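So you can see what is in the structure, the chains are spelled out below.
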Amino acid sequence: LSAASVAPALAAAPSLLPADNLLDGKVALAGKTVFLTEYRVLFDMSGEVSANTRGGYLLGTDYGATRATVTYKVPEPDIAALQAITDRAYADFKERLAAAGLTVQTTEPEGGGIYSATEAGSAPGAPVWTDQNLGHVKRRLLVLTPTGTQFISRGFAGIGAGNIGKRMEWGGKNWEGLSVTQTVNIAELETSGSGSSIWRRGSSAEASSSLSVGLSPGDFLVQSHMGSGLIRMTQPLPVPGAFANFRTVKTFDSDKDATSRVVGTLQNLMGQGANKVLKVEKEVDVDGPAMARLAYQGLASINQAVAQRLAGR
């Protein structure tokens, strides 16, 4: 993955995938002056998926606990290449807004807005990360913004209430601001979840190559600043195609580890169920041009769906 290698893949117009049926909500923009305050793309670069069962005792039998964990990571993400993808997606978004008959300002008005975009996105040698934790599924994503732009700081409650004084001013001027966040996920994560070992004899987890585009958990796809308009995605958009190899680099299996087997045997002799653990570490070898092409196709497809939704179509 490098900026030079992905350039040809980003030059061609993508064939769009149907995405409008994945969107829910609306933002009313008719008659308003609209400021596009931020456009973020979050790139999934590492993560973990796990599953487990709790030990239990039933009818004289002790069942041991089980746990399976799979981790994955792109060893050295090329931020310059991801920046090129972000810049092309941003340009595409503005083009699709214009084609839908929408005019947006991409610079803040004099005096600033309801929210101030003051945080720098990732740059070579200076990554900016955001973490997602959904219990059995965790991802770590690089935060990218188009060249020359920044993003709004977020806390526990998201972007918060903003500047109340500006909110009153914008209401009088019939202005509106927008935040747009998209996510490029590189892994399909499967887990058997959690439960009791009495009813489930094992745990399974897997991470495999699969690219999808959508919004990240905890963020809206589109959030208006003045009104209460929100657009979210009901599920990510899968983008078919090969782009990466998830290569196993390390495995620990208690069933095959000599020390763990001895401990398990001793537990069995004492009438206890042996605990079982499986840990798998994977590194991701990315085909740069292929990833850029698929990511851009997905981002452009969502861009088109959002533009049509904002235009009221």
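Predicted, not measured: the structure shown is a model, and the values here were computed from it. (Residues numbered from 1 in each chain as written. Predicted model: local features only at pLDDT ≥ 70, side-chain atom pairs only at ≥ 80, totals over all residues. Heavy atoms only, no water.)

Moving on: the side chain of Arg309. Turning to its location among the elements, Arg309 is positioned in helix H5 (residues 288-310). On the basis of relative accessibility, which here comes to 17%, the residue Arg309 falls in the buried class. Look past the residues within four positions of Arg309 in its chain and what remains in contact with it is Asp20, Leu23, Asp24, Gly25 and Ile231. (Helix = DSSP H or I, 4+ residues; strand = E, 2+ residues; numbered from the N terminus. Buried < 20%, exposed > 50% of the residue type's maximum accessible area, 1.4 Å probe, protein only. Contact = heavy atoms within 4.5 Å.)

The next point concerns the packing of aromatic side chains. For the structure shown, the criterion picks out six aromatic pairs. Centroid distance Phe35 to Trp175: 5.2 Å. Interplanar angle 65 degrees. Geometry classified as edge-to-face. One end of the pair, Phe35, is in strand S2 (residues 33-54); the other, Trp175, is in strand S11 (residues 175-191), with 140 residues separating them in the sequence. There is no split in this pair, since Phe35 and Trp175 are both buried. Taken together, a centroid distance of 5.3 Å and an interplanar angle of 35 degrees make the contact between Tyr39 and Phe93 tilted. On the criterion of sequence distance, the pair formed by Tyr39 in strand S2 and Phe93 in helix H2 (residues 79-99) is long-range, its members being 54 residues apart. Here Tyr39 and Phe93 have matching classes, each one buried. Through pairs of rings, three or more aromatic residues link up here, namely Phe35, Trp170 and Trp175. (Phe/Tyr/Trp six-rings, centres within 6.5 Å; stacked < 30°, edge-to-face > 60°.)

On to the environment of Gly195. Within the secondary structure, Gly195 is located in strand S12 (residues 194-196). Of the residues examined, Gly195 reaches a relative accessible area of 14% and is grouped as buried. Between the C-alpha atoms of Gly195 and Thr66, which are 129 residues apart in sequence, the distance is 9.8 Å.

The subject of this paragraph is the nonpolar core. Formed by 66 residues in total, the largest nonpolar core has its most connected members in Phe43, Ile186, Leu211, Leu221, Val222 and Leu310. Sorting elements by how many residues they give to this core places H5 first, with 13 residues. The contact partners of Phe43, leaving out residues within four places of it in the chain, are Leu82, Ile85, Thr86, Arg140, Leu141, Leu142, Leu144, Val184 and Met291. Residues Phe35, Ile152, Ile159 and Trp175 belong to the second largest nonpolar core, which totals eight residues. (Core = buried A, V, L, I, M, F, W, Y, C linked by side-chain atoms within 4.5 Å.)

A few words now on unusual backbone geometry. Positive phi is not limited to glycine here, since Asn174 has a value of about 60 degrees. The exposure class of Asn174 is partly exposed, given its relative accessible area of 36%.

A separate point is the packing of H2 against H5. At a minimum axis separation of 9 Å, H2 and H5 run at an interaxial angle of 25 degrees. When the interaxial angle is binned, H2 and H5 end up roughly parallel. Remark: the crossing between H2 and H5 carries right-handed chirality. In this structure, H2 contributes Leu82, Ile85, Arg88, Ala89, Asp92, Phe93, Arg96 and Leu97 to the contact, and H5 contributes Met291, Ala292, Ala295, Tyr296, Leu299, Ala300, Asn303, Gln304, Val306, Ala307 and Leu310. Per-class residue counts for the contact of H2 with H5 are 14 nonpolar, two polar and three charged. (Axes fitted to C-alpha atoms, helices over the stretch in contact; angles between N-to-C directions. Parallel < 35°, antiparallel > 145°, perpendicular 65-115°, else oblique. Left-handed = near helix turned anticlockwise from the far one by under 90°. Nonpolar A, V, L, I, M, F, W, Y, C, P; charged D, E, K, R; others polar.)

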